[in-house]
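Here is how the chains run, residue by residue.
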Amino acid sequence: MAIAYPHFIGSDMPIVVEPPLMASAAPPVILTQDELKKIAAYKAVEFVESGMVLGLGTGSTAKHAVSRIGELLQQGKLHNIVGIPTSKITHEQALSVGIPLSDLDAHPVLDLAIDGADEVDPFMNLVKGRGGSLLREKMVEGACKKFVVIVDESKLVKHLGGSGLAMPVEIVPFCWKFTAKRLELMFEEAGCVGKLRRFVGNGEPFVTDNGNYIVDLYFKRDIGDLRAASDAILRLAGVVEHGMFLDMATTLIVAGELGVTVKNKEVLGGRRVKIAETSLEFINAVAQVQLKLCLSLRATAKPSPLLWLIPLESYLLLFDL
Ligand SMILES: O=C[C@H](O)[C@H](O)[C@H](O)COP(=O)(O)O
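Described in the following lines is the structure provided in the data block. Note that the coordinates shown come from a computational prediction; the quantities given were computed from them, not determined experimentally.

**Some words on the overall build of the protein chain**
Check the secondary structure of the protein chain and you find eight helices and 16 strands. For the protein chain, the residues scored as buried account for 51% of the 321 residues in total. Long-range contacts, defined here as pairs at least 24 residues apart, represent 68% of the contacts in the protein chain between residues at least 6 apart. Only carbon and sulfur atoms are counted for the fraction: they give 58% of the accessible area of the protein chain, which is about 15300 Å².

Printed below as a string of structure tokens:
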């Protein structure tokens, strides 16, 4: 299994970060995986401007972005936003936070989409769909001018499939065993095992928003040429879509123990091929975001040890806001 940051394995496992400058005086900084997701999501929402048509992603990371957009609308800091949800669950959440919604029929071109991912390779190719929303996500995110992907560091892999976790393929229910077997055989050399996704409780097949099933592919070895793999899967009758999102992300925001990294992809010859810029906002910036979160959620937020890392001036400035 090739997860780049094994200390993040396990949902919401606390991450312990030693403060760089105040090691003797300050307690260790603890960020949960969910806090990292929230930091990445809030950073992504900085790209949102009034008047935009937005693709609203699905999952535990994207939900923070949806909440934040709703919050900014309610505060009057954003207006005239139209959201295009990528799943029924996001549709419900967006309505609950007051985001006006539409669809691709009415808005075939989107300004921006924000969504999480299950894996991100060094070229910003993605695996998505472990939450089952890959088809609508691919339709919506394929129609946007800018696609911002938000992850915590645990999602970074050397190659797609490298986490050893599922690479989802949405298939029609008709003769699903036949399709699953064909998919396995297609990637025999990579030691592929395909499993029908089922609900944990009753063992019934998981059904997507589109009434389809999902076969999760697990690879023992690198599948190699992703474009060839994508084409081969899509040529198979019975397959609706797969969870590899190749050359689709334009911006990647990674929240990790050292801070937030933002990477942008340049478009060359019509294809997004080159990582053009990398910037890292160090832990103090993360701490400030964290403090802002604490302030905006003052009623419920527990005091954050990150306060130790914030210069006094910034602290006072933020409290004056
Ligand atoms: O179908 C689900 C989506 O592709 C999600 O964006 C992806 O699974 C990442 O989800 P999370 O942010 O919960 O890790």
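Continuing now.
**Some thoughts on the site of the ligand**
Every one of the 16 residues lining the ligand counts as a neighbour, but Ser 60, Thr 61, Asp 118, Glu 137 and Lys 155 are closest to it. At 2.5 Å from an oxygen atom of the ligand is found a side-chain nitrogen or oxygen belonging to Ser 60. Here Ser 133 contributes a backbone N or O atom positioned 3.0 Å from an oxygen atom of the ligand. Notes on the ligand: free accessible area 370 Å², of which the protein chains cover 91%. Tallied by class, residues from the shell around the ligand come to one nonpolar, nine polar and six charged.

**Things to note about the sheet that holds strand β13 (residues 244-245)**
Taken in spatial order, the three strands make up an open sheet running β6-β7-β13, and their pairing is antiparallel. If you trace the sheet from one side to the other, it starts and ends with β6 (119-120) and β13, each paired once. In terms of strand pairing, β6 meets strand β7 (residues 126-127) through two bridges, oriented antiparallel. For Glu 119, the partnering residue across the bridge sits in β7 and is Val 127.

**Here we look at the environment of Ala 229**
Relative to the helices and strands, Ala 229 is located in helix α6 (residues 226-235). Ala 229 sits in the buried class, given a relative accessible area of 4%. It is 13 Å that separates the C-alpha atoms of Ala 229 and Arg 182, two residues lying 47 residues apart in sequence. Apart from residues lying up to four places away in sequence, Ala 229 is in contact with Phe 187, Ile 223 and Met 244.

**Comments concerning the nonpolar core**
Counting 29 residues, the largest nonpolar core has Val 48, Ile 69, Ile 99, Ile 114 and Ile 150 as its most contacted members. The element contributing the most residues to this core is helix α1 (residues 33-45), with six residues. Residues contacting Val 48, with those up to four places away along its chain left out, are Leu 54, Ile 69, Leu 78, Ile 81, Leu 112 and Ile 114.

**Considerations on the packing of aromatic side chains**
Aromatic rings in a pair are described by how distant their centres are and how their planes are angled relative to each other. Scanning the model with the defined rule gives two aromatic pairs in all. When the centroid spacing of 5.5 Å and the interplanar angle of 85° are considered together, the rings of Phe 187 and Phe 219 count as edge-to-face. Of this pair, Phe 187 sits in the loop between α5 (176-186) and β10 (193-196) while Phe 219 sits in the loop between β11 (213-218) and α6, and the two are 32 residues apart along the sequence. Overall, the relative accessible area of 9% leaves Phe 219 in the buried class. Measuring from centroid to centroid gives 5.6 Å for Phe 199 and Phe 206, while their planes differ by 50°, and the two rings are tilted.

**Focus on helix α4 (residues 134-141)**
α4 sits mainly inside the fold: six of its eight residues count as buried. Within α4, burial applies to Leu 134, Leu 135, Glu 137, Lys 138, Val 140 and Glu 141.

**Focus: the pairing of β11**
The buried fraction of β11 is high, at five of six residues. The pairing of strand β9 (residues 167-171) with β11 spans five bridges and is antiparallel. Each residue of the ladder has a partner; that of Glu 170, found in β11, is Ile 214.

**Some details on the sheet that holds strand β12 (residues 239-242)**
Either a parallel or an antiparallel arrangement is found when strands of a sheet pair, and the pairing is made through backbone hydrogen bonds. If you trace the four strands from one edge of the open sheet to the other, you get β10-β11-β9-β12, paired in antiparallel fashion. For this open sheet the edge positions go to β10 and β12, each flanked by a neighbour on one side alone. This sheet shows a mean twist of 30° between the axes of neighbouring strands, independent of strand direction. Note: β9 against β12, three bridges, orientation antiparallel. Looking across to β12, one finds that Val 169 is bridged to His 242. Across the face of the sheet, α4 comes into contact with β9, β11 and β12 while running at roughly 65° to β12. Its contacts with the sheet place α6 against β9 and β12, and it is angled at close to 155° to β12.

**What about the side chain of Thr 179?**
Counting through the fold element by element, Thr 179 comes out in helix α5. Residue Thr 179 is classed as buried on the basis of its relative accessible area, which comes to 2%. Excluding anything up to four places from it in sequence, Thr 179 contacts Ile 171, Phe 174, Leu 236, Ala 237, Gly 238 and Val 239.

What counts, and where the lines are drawn
- Residues numbered from 1 in each chain as written.
- Predicted model: local features only at pLDDT ≥ 70, side-chain atom pairs only at ≥ 80, totals over all residues.
- Heavy atoms only, no water.
- Helix = DSSP H or I, 4+ residues; strand = E, 2+ residues; numbered from the N terminus.
- Buried < 20%, exposed > 50% of the residue type's maximum accessible area, 1.4 Å probe, protein only.
- Contact = heavy atoms within 4.5 Å.
- Areas by Shrake-Rupley, 256 points an atom, 1.4 Å probe, with all protein chains shown as cover.
- Near = heavy atom within 4 Å.
- Polar contact = N/O pair within 3.5 Å; in protein donor to acceptor, adjacent residues only side chain to side chain.
- Nonpolar A, V, L, I, M, F, W, Y, C, P; charged D, E, K, R; others polar.
- Pairing = 2+ DSSP bridges.
- Core = buried A, V, L, I, M, F, W, Y, C linked by side-chain atoms within 4.5 Å.
- Phe/Tyr/Trp six-rings, centres within 6.5 Å; stacked < 30°, edge-to-face > 60°.
- Axes fitted to C-alpha atoms, helices over the stretch in contact; angles between N-to-C directions.

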